[in-house]
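Here's the letter readout for the chains.
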Amino acid sequence: MGKPHFAKIPYRTYTMILAIACLIGVLLFGLGTSFYWHEKNEAVDRTITNINQATDLAGAESYLVLYQAATMYEESSEQTTSFLSTPYQERAVQYNERLREGEDSGMNEREREILHAFSSNFDQILEEKNFDEAPVDVIESINRRWLYQALEQTNQPNIAYELTDAIMRIQMIFMRSTDILLDEKLNEERFVNAVNLIVNEAELIQEIVEANPALQTKAVTDLVESGLSFSRMADREVTLEARYVNATNVYEDAYTALRSIRSLAETQLLEERTRYSTLATSSFIFTVLLSFALIGLLYYTRNRYNHDLAHLKARALAIDPRLEPIDVMFPESHDFRGIEDELREIAVSVHSTVHELETQSQDLVRYHERWSSLFSETGLAIALMDDSYNLIERNEMFRQFFGERNLYEINQLFTDTGRRLFEQAIEGVRDQVTSAQFILHLKGEHVRYLNVKITPLKRGEMMTYYLIFEDETDRVERERKVDRLVRFDLATDLYNEYGFIQAWEQQEIDGSFVLIRLHDYHHLVDWYDPVYADMMMTEFARHVEDRLGKYAQHLFGRYRDDTFMLYVKGFTAEDEHELMELFPTELIINQKRQNVHIQIGATETSSTYNDCLFEAMKALQHAKETRTPSVWYDSKILAQMQWAAQIEQALPDAIRKRDLTVVYQPQVELKSGRIVGAEVLARWHHPELGTVPPNEFIRIAERSDQILWLSHHILDMTIKQLVSWRDTPFADISLSFNLSAHSVDPSIVTKLQESIEAYPWLPDLLKIELTESSDIMSYASELERLEDIADLGFCLSIDDFGTGYASFEAIWHLPIQEVKIDRMYVSGKAKESTSFLRAVSRFANEQCLTSLAEGIETEEDLDRVIREGVALGQGYYFSPALDSATFETWVTEKGRSVT
């Protein structure tokens with residue numbers, strides 16, 4: 001046995017050395033950690049000092065700028081008092097005094113000199129109004145550096161720096177553009193550029209806070225609102241007072257937003273300082289306590305060593321009293337480590353051998369128990385078969401499956417395919433001495449699925465085989481149910497999209513792919529419940545499947561809640577009539593007759609499902625927008641939709657820049673020929689898209705929720721035109737303003753109320769012409785707002801009267817004063833039927849309503865509507881729509897009468 005390397009070194013000696021080294025390490029680590037956290041605490045203190053100075057410096061600068069703006073406004077507007085500028089002056093002086101009392105840390109020598117000079121001359125700058133002497137660039141640089149230092153200290157994300165930069169840029173834009181914004185003689189081009197710069201920064205801040213809601217404080221929200229509303233200032237008629245109020249609001253909101261960012265950073269810094277101080281103190285205390293613990297442990301170890309040595313001496317003397325003097329054999333400087341190590345190694349070796357034998361014995365017992373449990377208590381059916389195919393042993397589960405049948409009888413319970421598979425598996429296991437596993441069907445009243453495993457086992461010189469059967473019926477049925485849930489719609493039992501795609505990929509595709517949308521689905525969900533709506537979808541699907549029975553190859557599935565998808569082999573666009581016959585128009589649901597209104601988008605199939613879906617979806621979207629029952633996809637549809645997308649993108653900018661204009665189509669009193677009014681119609685000429693038809697951009701405005709903006713724009717121009725005619729020969733001409741069902745908004749009512757306050761005569765000359773009255777009747781809130789408009793004294797008129805039942809219904813629910821007969825009954829396909837004109841005219845007279853016929857194009861049309869008693873008319877027979885100047889000229893030439 002080798003001699004230990006440290007046998008000559010007393011055990012106590014190197015134990016003490018190791019303990020002292022650990023003590024020194026603990027002290028160094030603990031004191032270093034404490035010093036580290038203390039340094040972090042001091043860094044936070046410096047940052048807090050800097051952020052407080054930044055607050056004072058920003059306050060002095062901001063109120064100096066506001067004082068300058070107020071002074072310029074007072075001078076430009078010839079104010080006799082300094083009521084606006086005095087509060088800003090006082091606040092600027094307060095911040096400057098606080099700045100003088102603060103420290104100058106965080107600045108270089110040049111910056112410190114500039115700021116001292118600025119602070120010292122601050123009162124003189126205010127008194128002499130020498131604002132150019134303020135070192136704005138240096139102040140902004142220091143403020144930005146100190147604020148970034150605070151953001152960095154509190155680990156703010158990069159987006160916080162972007163937000164801070166954008167707010168500071170708004171301040172700089174204001175400071176550099178003060179003379180432009182508040183100049184009495186407005187330089188429109190420079191003013192619009194300054195406004196656009198501020199609005200662009202406000203839009204950037206809005207995008208930042210929308211992407212990061214954690215940055216959306218009230219101060220930032222106020223800045224976004226004031227910055228975006230500042231876009232209204234880009235108007236050549238804006239007053240100096242409005243420019244001053246809106247510009248200073250933006251600057252003050254920017255100052256408040258930066259102050260909130262500094263305040264939040266200061267709060268977080270104070271929390272950081274508290275945490276660092278706590279960590280530094282805790283590290284120091286923990287180090288001291290751990291050091292005392294190590295010293296105590298050393299003391300305890302030394303006492304235990306002396307006690308054990310004394311006990312060893314006493315035992316040695318008890319065995320052999322002749323060992324005296326005992327101290328010679330047991331010196332205090334040594335502990336006989338070598339002998340102790342050898343005895344320990346022998347004990348460890350013996351213990352390891354005993355433990356290994358015990359483990360092997362326990363493993364044998366465990367294996368035996370597991371085998372017994374596997375064979376007798378498991379849920380598996382297990383049997384042992386010899387080389388002659390005799391069953392030697394079987395467990396209880398095997399008996400429950402097969403009773404006492406032999407292998408041949410068991411094999412007869414399987415299907416023909418199962419028997420062949422079972423026989424081949426046994427032969428393969430016997431020849432190759434490898435296991436085999438497969439699934440078999442067990443015949444009977446209910447089909448069962450068995451997972452079969454055959455495993456060879458050599459017992460001495462004899463080969464045996466284990467047959468293991470496991471009932472997999474529940475698992476297979478569960479997988480089938482899951483597969484059905486994955487591939488089929490639960491309500492209609494049709495393919496869902498995933499199942500449809502799988503079936504699609506297994507066929508040779510050559511035909512038509514169709515999307516069928518049922519209009520009434522969501523209405524039925526609202527009126528009844530989703531179950532009733534699904535019953536309609538299920539009944540519709542059943543009828544379609546019955547009619548699809550004559551087509552050999554087809555696929556039918558449910559794409560979305562209200563949409564089906566269909567593929568029929570061999571169909572083309574020429575078979576549209578035959579395709580439409582597949583879909584019922586009426587169903588019986590819960591003994592109720594339900595009309596079915598559908599729209600389809602169809603396409604002749606291409607190679608991939610996604611391409612077909614894209615084309616059919618575009619066709620269906622075009623059908624919805626054009627309100628046609630069916631649309632087949634072609635390249636023109638895609639071009640139209642791309643053109644519509646360009647219009648949708650360009651429309652907001654056109655509304656904001658007021659690129660849309662209005663024209664006026666005269667309205668004539670038919671019996672006298674007197675020109676009594678005009679209908680206001682919107683027009684738009686785009687520099688790239690050309691002239692955009694009104695029906696196109698109005699339809700797109702309604703679809704994209706821009707119709708309200710458009711209505712406000714047209715209403716403003718209508719009121720402005722009426723005001724311009726007030727003291728002219730055209731003062732008694734009324735104008736009809738078209739109001740869509742999608743624009744019946746409280747803001748319209750508010751605008752009309754405010755307009756009456758300025759122009760009390762307005763209700764006598766402005767008519768509100770309701771379009772899409774069928775949509776209005778569906779919403780109670782819109783009806784209430786229309787009643788509010790009527791209460792204000794405005795005349796309500798129904799456009800396109802007679803095109804639907806809702807037009808008649810609206811008369812009984814709304815305070816209608818005029819009905820406008822659709823051109824279909826005047827010059828359209830129903831013009832030969834005069835009974836409707838006669839009925840409407842008589843109905844209008846009975847209800848004290850004014851009747852107006854639109855679309856009068858020939859003298860024959862005019863004679864017919866006069867003969868049937870219609871009061872007013874408009875159309876190309878009198879005049880097309882004219883711009884304002886041309887309309888005035890036309891009215892002047894006609895002498896207020898077209899007869």
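Nothing here was measured: the structure is a model prediction, and the numbers come from that model. (Residues numbered from 1 in each chain as written. Predicted model: local features only at pLDDT ≥ 70, side-chain atom pairs only at ≥ 80, totals over all residues. Heavy atoms only, no water.)

Student: Outline the overall build of the protein chain, supporting the account with residue identities and numerical values.
Tutor: Summing up its helical and strand segments, the protein chain has 31 helices and 21 strands in all. With 899 residues in all, the protein chain has 43% of them scored as buried. When contacts within the protein chain are restricted to residue pairs at least 6 apart in sequence, long-range pairs at least 24 apart make up 66% of them. (Helix = DSSP H or I, 4+ residues; strand = E, 2+ residues; numbered from the N terminus. Buried < 20%, exposed > 50% of the residue type's maximum accessible area, 1.4 Å probe, protein only. Contact = heavy atoms within 4.5 Å.)

Student: Residue-level account of the sheet that holds strand β12 (residues 630-632), with values.
Tutor: Ordered in space as β7-β8-β6-β11-β12, the five strands form an open sheet in which the pairing is mixed. Every other strand in the sheet has two partners, leaving β7 (554-560) and β12 as the edge strands with one partner each. The sheet shows a mean angle of 15 degrees between the axes of neighbouring strands, taken without regard to direction. By the bridge criterion, six bridges tie β7 to strand β8 (residues 563-569) in an arrangement that is antiparallel. Looking across to β8, one finds that G557 is bridged to M565. Along the sheet, helix α17 (residues 497-505) makes contact with β6 (511-518), β7 and β8, crossing β7 at roughly 155 degrees. Along the sheet, helix α19 (residues 530-548) contacts β6, β7, β8 and β11 (598-604); its crossing angle with β7, the most-contacted strand, is approximately 165 degrees. (Pairing = 2+ DSSP bridges. Axes fitted to C-alpha atoms, helices over the stretch in contact; angles between N-to-C directions.)

Student: How would you sum up the packing of aromatic side chains? Please name residues and give values.
Tutor: Applying the stated rule across the entire model yields 19 aromatic pairs. Note on F500 and W504: the rings are 6.2 Å apart at their centroids and 35 degrees apart in plane angle, and the pair reads as tilted. Residue F500 and its partner W504 are both found in helix α17; the two are separated by four residues, about one turn of the helix. Each member of the pair, F500 together with W504, is buried. On the basis of relative accessibility, which here comes to 4%, the residue W504 falls in the buried class. Aromatic rings pair up to connect F500, W504, F513, Y567 and Y609 into one cluster. Sitting above the plane of the Y559 ring, R560 keeps its charged end 4.0 Å from the centroid. (Phe/Tyr/Trp six-rings, centres within 6.5 Å; stacked < 30°, edge-to-face > 60°. Lys NZ or Arg CZ within 6 Å of the ring centre and 35° of its normal.)

Student: I'd like to hear about the pattern of salt bridges, residue by residue, with values.
Tutor: Any two side chains of opposite charge can pair, so long as their charged atoms come close to each other. Scanning the model with the defined rule gives 17 salt bridges in all. Across the pair R560 and E497 runs a salt bridge, and its minimum N-O distance is 3.5 Å. Taken together, the residues span a long stretch of sequence, with R560 in strand β7 and E497 in helix α17 at a distance of 63 residues. Measuring nitrogen to oxygen at the nearest pair gives 3.9 Å for the salt bridge that ties K820 to E854. On the criterion of sequence distance, the pair formed by K820 in strand β19 (residues 818-821) and E854 in strand β20 (residues 850-854) is long-range, its members being 34 residues apart. The burial state of K820 is the same as that of E854; both residues are buried. (Salt bridge = Lys/Arg side-chain N within 4 Å of Asp/Glu carboxyl O.)

Student: Give me the lowdown on the packing of helix α18 (residues 520-527) against α19, citing residues and values where you can.
Tutor: Packing of α18 against α19 leaves a shortest axis separation of 7 Å and a crossing angle of 150 degrees. Classified by the angle their axes make, α18 and α19 are roughly antiparallel. You can see that α18 and α19 cross each other, and the crossing is right-handed. Contacts from D520, Y521, L524 and V525 in α18 reach P530, Y532, A533, D534, M536 and M537 in α19. For the contact of α18 with α19, the per-class residue count stands at eight nonpolar, no polar and two charged. (Parallel < 35°, antiparallel > 145°, perpendicular 65-115°, else oblique. Left-handed = near helix turned anticlockwise from the far one by under 90°. Nonpolar A, V, L, I, M, F, W, Y, C, P; charged D, E, K, R; others polar.)

Student: I'd love a proper account of the nonpolar core, names of residues and values included.
Tutor: Counting residues in each nonpolar core, the largest one holds 75 residues, and the members touching the most others are L163, I167, L181, I205, L223 and F230. When residues of this core are assigned to their parent elements, the largest contribution, 14 residues, is made by helix α1 (residues 11-76). The residues touching F230, leaving out its near neighbours within four places in the chain, are L181, V195, I198, V199, N246, A247 and V250. Among the nonpolar cores identified, the runner-up in size contains 74 residues, and W684, L710, L766 and A844 belong to it. (Core = buried A, V, L, I, M, F, W, Y, C linked by side-chain atoms within 4.5 Å.)

Student: Would you mind going over the environment of I768 in detail, with residue names and values included?
Tutor: Inspection of the secondary structure puts I768 in strand β17 (residues 766-770). Judged by relative accessible area, which is 1%, I768 ranks as buried. It is 6.2 Å that separates the C-alpha atoms of I768 and N738, two residues lying 30 residues apart in sequence. Setting aside its immediate chain neighbours within four residues, I768 contacts F737, L739, L752, I789, F794, C795, L796 and S797.

Student: Break down the side chain of D861 for me, citing the residues and quoting the values.
Tutor: With respect to the helices and strands, the residue D861 is situated in helix α30 (residues 859-867). Residue class for D861 comes out buried when judged on its relative accessible area of 3%.

Student: Which residues make up helix α9 (residues 218-229), and what values do they have?
Tutor: Helix length check: α9, at 12 residues, gives a terminal C-alpha distance of 16 Å against a target of 16 Å (1.5 Å per residue), a fit within 8%. Of all the positions in α9, only A219, V220, L223, V224, S226, G227 and S229 are classed as buried. (Expected span 1.5 Å × (residues − 1).)

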